[in-house]
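Topology and contacts: notes
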Amino acid sequence: MARVEQRRIGMMGDEAVAYAIKQVEPDVVAAYPITPQTIIVERFSDYVADGLVRTEFVAIESEHSALSACVGAAAAGARAFTATASQGLALMWEILYIASSMRLPIVMVIVNRALSAPINIHCDHSDAMGARDSGWIQLFCENCQEAYDTAIQAWRIAEHPDVQLPVMVCLDGFVVSHTLEDIEVLPDEVVKEFVGERPLVRVMGHEGEVPYRLDPTGREPLSMGTFAMYDLYFEYKRQQEEAMRAALKVIEEVGREYGELTGRYYGLIDQYKLEDAEVAIVGLGSSMGTAKDAADELRDEGIRAGVLRIRSFRPFPTETVREALKGVKTVAVMDRALSFGGPAGPLMMDMATVFYGLKEGPTMLNYIYGLGGRDISTDDFKAVAQDALRAAEEGVEGLPVKFVGVRE
Amino acid sequence: MSSSLPGWKELPMGGVAFRPSTDIKTGEWRLGFRPVVKEEKCVGCAMCVVLCPDMAMGLGEEGKAQVNYDYCKGCGICARECPYGAIEMVPE
């Protein structure tokens with residue numbers, strides 16, 4: 001596809017997502033309309049009220065119900081969207097597993113915010129980490145532009161015949177959701193063409209091959225949400241794992257196709273000055289932008305620093321990460337969530353697994369930061385990189401887990 | 001597990017029903033008693049047909065209650081509710 005002319009609009013992350021979803025125009029948007037809901041759904045409901053979309057908008061009594069409504073809509077063959085944050089995602093937990101196990105390609109945007117208690121509305125990744133093993137694809141965005149782009153790409157990834165899994169698009173609370181940014185948007189018809197219609201895969205039901213949707217006419221009958229015991233359940237879980245592995249390829253393919261259209265290429269990871277790096281900062285989300293500035297400053301001071309931002313946290317791009325960090329001496333893994341009592345933060349556990357059992361790998365340290373929206377500065381990242389370099393020289397004493405920016 | 005069951009590559013995705021649920025003869029779960037219709041007492045009112053939670057009761061050609069033992073779990077509701085005392089639970 002040829003490059004398309006785009007418009008520049010000033011929008012915050014929430015608005016950018018709402019704008020993308022307006023262009024996609026899903027059949028159903030079901031969402032809980034008040035706190036912890038974000039402006040995404042508020043803006044989208046404006047579009048509905050103004051008659052700019054034909055979407056069926058369901059303002060519903062809880063997030064548990066919001067996702068349940070999306071499950072029903074997607075099972076009937078519709079495109080369904082919802083958005084939530086923190087406690088809302090926590091309340092959805094039961095239905096998260098049902099959506100992914102029933103292989104429903106729902107798209108949900110999560111504005112990453114801390115979990116209670118104490119009550120806090122600001123950014124960290126605890127909410128998404130709680131959903132880590134729920135079978136959803138999780139894509140983390142760095143800025144408003146990427147949030148817009150990913151909210152469009154997510155449909156193609158979710159609905160790909162080899163994937164058929166729900167996608168969570170994650171963006172940092174306030175840092176992205178409420179920050180105004182100049183972003184490039186595609187014309188409506190280009191978005192419509194890019195996402196197309198939801199393709200329905202075909203499956204063998206109890207009366208032969210049928211499209212994957214509930215058919216109220218009974219002409220193409222399919223029963224979903226059935227019962228499977230120890231003789232079948234395990235096989236379905238193995239299928240879900242295979243779909244996740246297939247998603248690795250699809251995320252890259254969709255990113256490439258979107259890049260040809262927009263000039264903005266996205267893949268599983270985002271590499272910044274890693275080619276000759278001796279120290280790499282690895283993490284998720286908006287703070288990796290700060291880390292890139294820190295890497296520039298470190299290079300001015302003669303330290304070869306780079307940044308590896310994980311965009312696809314689930315599926316985790318193990319081989320891509322291993323390849324990207326080849327030759328790096330030391331790695332600082334940044335976790336914006338805690339696994340209380342665990343050996344390290346959730347991202348560190350994955351990163352350690354990437355290099356487990358290999359004869360050679362980098363020194364690796366884990367830094368917990370930014371909980372409840374605490375800021376992290378370029379100076380903090382520079383100190384982290386220097387600490388990681390020092391550990392590579394002097395060795396790591398005790399647990400390789402440290403806290404950045406917490407008062408003693 | 002049993003090799004007669006499909007592997008993960010063969011199974012349709014998402015846990016959809018891949019064979020009719022009537023293939024599973026739930027009557028095998030019946031424990032202890034089974035309903036037997038005394039045709040001389042049955043008037044064909046079909047109360048048992050309406051009340052059977054497993055749709056295992058029907059009316060035969062003669063218009064009398066008929067039990068499908070493939071799906072009858074032996075709960076005894078039909079015998080208890082029959083207004084004419086035409087169904088008896090018999091030990092198996």
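Just above sits the structure.
Here is a short report on the structure shown in this document.

So, how was this worked out
- Residues numbered from 1 in each chain as written.
- Chains lettered and ligands numbered in written order.
- Predicted model: local features only at pLDDT ≥ 70, side-chain atom pairs only at ≥ 80, totals over all residues.
- Heavy atoms only, no water.
- 1 Å grid on protein atoms, 1.4 Å probe; cavity = no way out; pocket = protein on both sides within 12 Å on 5 of 7 lines; lining within 4 Å.
- Points joined across faces, edges and corners; volume = space filled by probe spheres on them.
- Nonpolar A, V, L, I, M, F, W, Y, C, P; charged D, E, K, R; others polar.
- Pairing = 2+ DSSP bridges.
- Helix = DSSP H or I, 4+ residues; strand = E, 2+ residues; numbered from the N terminus.
- Axes fitted to C-alpha atoms, helices over the stretch in contact; angles between N-to-C directions.
- Contact = heavy atoms within 4.5 Å.
- Phe/Tyr/Trp six-rings, centres within 6.5 Å; stacked < 30°, edge-to-face > 60°.
- Buried < 20%, exposed > 50% of the residue type's maximum accessible area, 1.4 Å probe, protein only.
- Buried area = accessible area lost by both parts, 1.4 Å probe.
- Salt bridge = Lys/Arg side-chain N within 4 Å of Asp/Glu carboxyl O.

**Considerations on the layout of surface pockets**
The computed volume of the largest pocket comes to approximately 910 Å³. Along the wall of the largest pocket there are 29 residues; nearest its centre are Phe227(A), Arg19(B), Pro20(B), Ser21(B) and Ile24(B). Class assignment for the residues of the lining of the largest pocket results in 16 nonpolar, seven polar and six charged. Approximately 400 Å³ is the volume attributed to the second largest pocket. As for the second largest pocket, its lining consists of 19 residues, of which Leu115(A), Asp124(A), Ser126(A), Leu338(A) and Phe340(A) are closest to the centre.

**Focus on the sheet that holds strand β4 (residues 80-85) of chain A**
All names here are of chain A. Within the open sheet, the seven strands sit side by side as β3-β2-β4-β5-β7-β6-β14. Their pairing is mixed. The sheet is open, and its two borders are formed by β3 (56-59) and β14 (312-314), each paired with just one other strand. Pairwise comparison of adjacent strand axes, ignoring direction, gives a mean angle of 20° for this sheet. Packing against the sheet, helix α6 (residues 144-159) makes contact with β4, β5 (107-112), β6 (137-140) and β7 (167-172), and its axis sits at approximately 170° to β7.

**Points about the packing of aromatic side chains**
Residue and element names in this part refer to chain A. All chains considered together, the criterion is met by nine aromatic pairs over all chains. Seen from their ring centres, Tyr-19 and Tyr-148 are 6.5 Å apart, and the 40° between their planes marks the pair as tilted. With a gap of 129 residues between them, Tyr-19 in helix α1 (residues 13-24) and Tyr-148 in helix α6 connect regions that are remote in the sequence. Under the relative-accessibility criterion, Tyr-19 is labelled buried at 11%. A centroid spacing of 4.7 Å and a plane angle of 55° characterise the contact between Trp-93 and Tyr-97, whose relative ring orientation is tilted. Separated by four residues within a single helix, Trp-93 and Tyr-97 lie in helix α4 (residues 86-101), roughly one turn from each other. Judged by relative accessible area, Trp-93 falls into the partly exposed class, the value being 45%.

**Description of the interface of chain A and chain B**
For interface size, the figure often reported is the accessible area lost on association. If you look at the interface, chain A gives 22 residues, while chain B gives 15 residues. Carbon and sulfur atoms make up 69% of the surface buried where chain A meets chain B, a total of about 1700 Å² over both sides. Among the residues of chain A in contact with chain B, His206(A), Tyr236(A) and Gln239(A) are the three that bury the most area, contributing 31% of the side total. One can count zero salt bridges joining chain A with chain B. Looking at the side of chain A that touches chain B, the elements that each hand over two or more residues are β9 (202-205) and α8 (233-262) of chain A. Per element, the largest residue contribution to the side of chain A that touches chain B is five residues, and it comes from α8(A). Broken down by class, the residue content of the side of chain A that touches chain B amounts to 10 nonpolar, seven polar and five charged.

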